[in-house]
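The chain contents come next:
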2 protein chains.
Amino acid sequence: MDRVRTEMEMKGLLETFQERARALGVKTTPQRLAVYRELALRRGHPTVEEIYQALKREMPGLSLATVYRTLRYLEEMGLVRKAPSIDDKMRYEVELGAHAHFVCRNCGAILDVPLDCGACPQLQRWVEEGEVELEECQLIIYGLCKGCKG
Amino acid sequence: MDRVRTEMEMKGLLETFQERARALGVKTTPQRLAVYRELALRRGHPTVEEIYQALKREMPGLSLATVYRTLRYLEEMGLVRKAPSIDDKMRYEVELGAHAHFVCRNCGAILDVPLDCGACPQLQRWVEEGEVELEECQLIIYGLCKGCKG
DNA sequence: ATGGTTGCAAACGCTTTGCATAACG
DNA sequence: CGTTATGCAAAGCGTTTGCAACCAT
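Residues numbered from 1 in each chain as written. Chains lettered and ligands numbered in written order. Predicted model: local features only at pLDDT ≥ 70, side-chain atom pairs only at ≥ 80, totals over all residues. Heavy atoms only, no water.

Asker: Now, about the protein's contact with DNA strand D: what can you tell me, with residues and values included?
Answerer: Every one of the 17 residues lining DNA strand D counts as a neighbour, but Tyr-68 and Met-90 of chain A together with Thr-29, Thr-66 and Arg-69 of chain B are closest to it. Across the atoms of DNA strand D situated within 4 Å of the protein, the share located in sugar and phosphate is 77%. Between a phosphate oxygen of DNA strand D and a main-chain N or O atom of Gly-61 of chain B, the distance comes to 3.2 Å. Within the residue set of the surface near DNA strand D, elements represented by two or more residues are helix H4 (64-76) of chain A together with helix H2 (30-41) and helix H4 (64-76) of chain B. For the surface near DNA strand D, the element with the highest residue contribution is H4 of chain A, accounting for four residues. When the residues that make up the surface near DNA strand D are grouped by side-chain class, the tally is five nonpolar, five polar and seven charged. (Near = heavy atom within 4 Å. Polar contact = N/O pair within 3.5 Å; in protein donor to acceptor, adjacent residues only side chain to side chain. Helix = DSSP H or I, 4+ residues; strand = E, 2+ residues; numbered from the N terminus. Nonpolar A, V, L, I, M, F, W, Y, C, P; charged D, E, K, R; others polar.)

Right under this line is the structure:
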């Protein structure tokens, strides 16, 4: 349940990112690399503003608009994903696999939770009967994390 | 999977609303009743603007700010709930029990799905080990509804 | 040279707020 | 009467966009 990633994890993520970007024809400019790096570093599903603030130190000229544009573009390219908006601010994440989100009501921490779907008998019935066709699930669980509960 | 409610359903919902409002000391002004009624009428989890537009016909003087304030207030009082935001617009619903939301990627329809939680072995382990404490689940399923799939 | 990327500032859309008026108990 | 709700317009906030400068091929 750590909030930041180890160096080893980061190395793997960044390498995969560069490879996939090259394959997709996505230029890896210093700004894009920095944004992806900062996003990957944090497990906390940061807001765009948080990423911008963190990067401004090392990249004083960086513009907030660039961070917005970069994240939108990387999402279109399938290199990052939108995370659920807890407070009406845009959040992103680098995890691309299916997973749920645990949100601490107290401190706002957002943790990834492996998801083993099939919780909705009604929904399964609908699928079987051809009523709906499923594409994606987004599960958000609210509660209190270890640090915040009594 | 109907989008509007029957008269009988509406009658029950409105009566319950009035009772609960009285018990909570919430004034049932014409505007508040109208907003609740319009919200209850639609299963589609309307946006604030949609409710406002629908009511303006019968209440020409109604203000959008009042609709926003009313819904926020009713939510604080536990009489309505925020629905998941599909398009960064505020949505509300009258259903108070636990349920998931099925969202049609094509037409934007939002359907309620009874929820039988327990889909996350990892989460259950965390609860057992005292790592987290659960309060509420919000499950959004994206896909295509009957009318939109092939 | 040329297409794509960036920074800045202005614009945008949704939501909230300040204030005077009106409604309610 | 005093309190609370309403309507209107203005402000607020997060996000997007237009444009000129810039960069890399």
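Asker: Tell me about H4 of chain B, and please be specific about residues and values.
Answerer: Residues and elements named next belong to chain B. Between its first and last C-alpha, H4 extends 19 Å over 13 residues, near the 18 Å set by a 1.5 Å rise per residue. On its buried face, H4 is in contact with helix H1 (7-24), H2, helix H3 (48-56) and strand S2 (91-93). The opening residue of H4 is Ser-63, an N-cap whose side-chain oxygen sits 3.1 Å from the backbone nitrogen of Ala-65. Remark: Gly-78 follows H4 within two positions and exhibits a positive phi of approximately 80°. (Expected span 1.5 Å × (residues − 1). Contact = heavy atoms within 4.5 Å.)

Asker: Describe the nonpolar core, with residues and values.
Answerer: Ranked by internal contacts, the top residues of the largest apolar core, which has 23 residues, are Tyr-36, Leu-39, Ile-51, Val-67 and Leu-71 of chain B. Of all the elements in the fold, those that place two or more residues in this core are H1, H2, H3 and H4 of chain B. Other than its neighbours up to four places away in sequence, Tyr-36 of chain B contacts Leu-13, Leu-14, Phe-17, Leu-79, Val-80 and Val-94 of chain B. Ranked by size, the runner-up nonpolar core spans 22 residues in total, among them Leu-14, Ala-21, Leu-39 and Leu-79 of chain A. (Core = buried A, V, L, I, M, F, W, Y, C linked by side-chain atoms within 4.5 Å. Buried < 20%, exposed > 50% of the residue type's maximum accessible area, 1.4 Å probe, protein only.)

Asker: Let's hear about unusual backbone geometry: which residues, and what values?
Answerer: Residue and element names in this part refer to chain A. You will see that His-45, though not glycine, has its phi angle at about 55°, which is positive. The topology assignment puts His-45 in the loop between helix H2 (30-41) and helix H3 (48-56). You can call His-45 buried: its relative accessible area is 2%.

Asker: Explain the protein's contact with DNA strand C residue by residue, including any values.
Answerer: Taken together, 17 residues lie around DNA strand C, and Thr-29, Thr-66 and Arg-69 of chain A together with Tyr-68 and Met-90 of chain B are the ones closest in. By atom count, sugar and phosphate contribute 75% of the portion of DNA strand C lying within 4 Å of the protein. Gln-31 of chain A has a polar side-chain atom sitting 3.1 Å from a sugar or linking oxygen of DNA strand C. The backbone of Met-90 of chain B places a nitrogen or oxygen atom 2.6 Å from a phosphate oxygen of DNA strand C. Among the elements of the structure, H2 and H4 of chain A together with H4 of chain B are those that each provide at least two residues to the surface near DNA strand C. The biggest single contributor to the surface near DNA strand C is H4 of chain B, with four residues. For the surface near DNA strand C, the class distribution of residues is five nonpolar, five polar and seven charged.

Asker: Outline the domain arrangement of chain A, listing residues and values.
Answerer: It is common to give the size of an interface as the accessible area that goes away when the parts come together. Residues and elements named next belong to chain A. Domains assigned within chain A are domain 1 (3-93) and domain 2 (99-149). Listed by partner, the interface residues are nine residues for domain 1 and 10 residues for domain 2. Summed over both partners, the interface of domain 1 with domain 2 buries about 790 Å², with 60% contributed by carbon and sulfur atoms. On the domain 1 side of the contact with domain 2, His-45, Pro-84 and Ile-86 bury the most area, a combined 55% of that side's loss. Scanning the region where domain 1 abuts domain 2 turns up zero salt bridges. Taken together, the connections running from domain 1 to domain 2 amount to zero residue pairs in polar contact (both at pLDDT 80 or more). Considered class by class, the residues forming the side of domain 1 that touches domain 2 number two nonpolar, two polar and five charged. (Domains from an automatic or database assignment. Buried area = accessible area lost by both parts, 1.4 Å probe. Salt bridge = Lys/Arg side-chain N within 4 Å of Asp/Glu carboxyl O.)

Asker: Let's hear about the packing of H2 of chain A against H3 of chain A: which residues, and what values?
Answerer: All names here are of chain A. Remark: H2 packs on H3, axes separated minimally by 10 Å, with the N-to-C direction vectors making an angle of 110°. Relative to H3, H2 is oriented roughly perpendicular. Handedness of the H2/H3 crossing: right-handed. Residue-level inspection shows Ala-34, Val-35, Glu-38 and Leu-39 of H2 in contact with H3, the latter providing Ile-51, Ala-54 and Leu-55. Class assignment of the residues belonging to the contact of H2 with H3 gives a composition of six nonpolar, no polar and one charged. (Axes fitted to C-alpha atoms, helices over the stretch in contact; angles between N-to-C directions. Parallel < 35°, antiparallel > 145°, perpendicular 65-115°, else oblique. Left-handed = near helix turned anticlockwise from the far one by under 90°.)

Asker: I'd like a rundown of the packing of aromatic side chains, residues and numbers included.
Answerer: Residue and element names in this part refer to chain A. All told, the structure shown has two aromatic pairs over all chains when counted by the stated rule. Taking the centre distance of 3.9 Å and the plane angle of 15° together, the rings of Phe-17 and Tyr-36 count as stacked. Of this pair, Phe-17 sits in helix H1 (residues 7-24) while Tyr-36 sits in helix H2, placing them 19 residues apart in sequence. The exposure classification of Phe-17 matches that of Tyr-36, with both residues buried. (Phe/Tyr/Trp six-rings, centres within 6.5 Å; stacked < 30°, edge-to-face > 60°.)

Asker: Quick one: what's the story with the packing of H1 of chain A against H2 of chain A, residue by residue and with numbers?
Answerer: Each packed pair of helices is defined by two parameters, the angle between the axes and the distance between the axes. Residue and element names in this part refer to chain A. At a minimum axis separation of 10 Å, H1 and H2 run at an interaxial angle of 140°. If you check the angle between H1 and H2, you find them oblique. At the point where H1 passes H2, the crossing takes the right-handed sense. Touching Met-10, Leu-13, Leu-14, Phe-17 and Gln-18 of H1 are Leu-33, Tyr-36, Arg-37, Ala-40 and Leu-41, all from H2.

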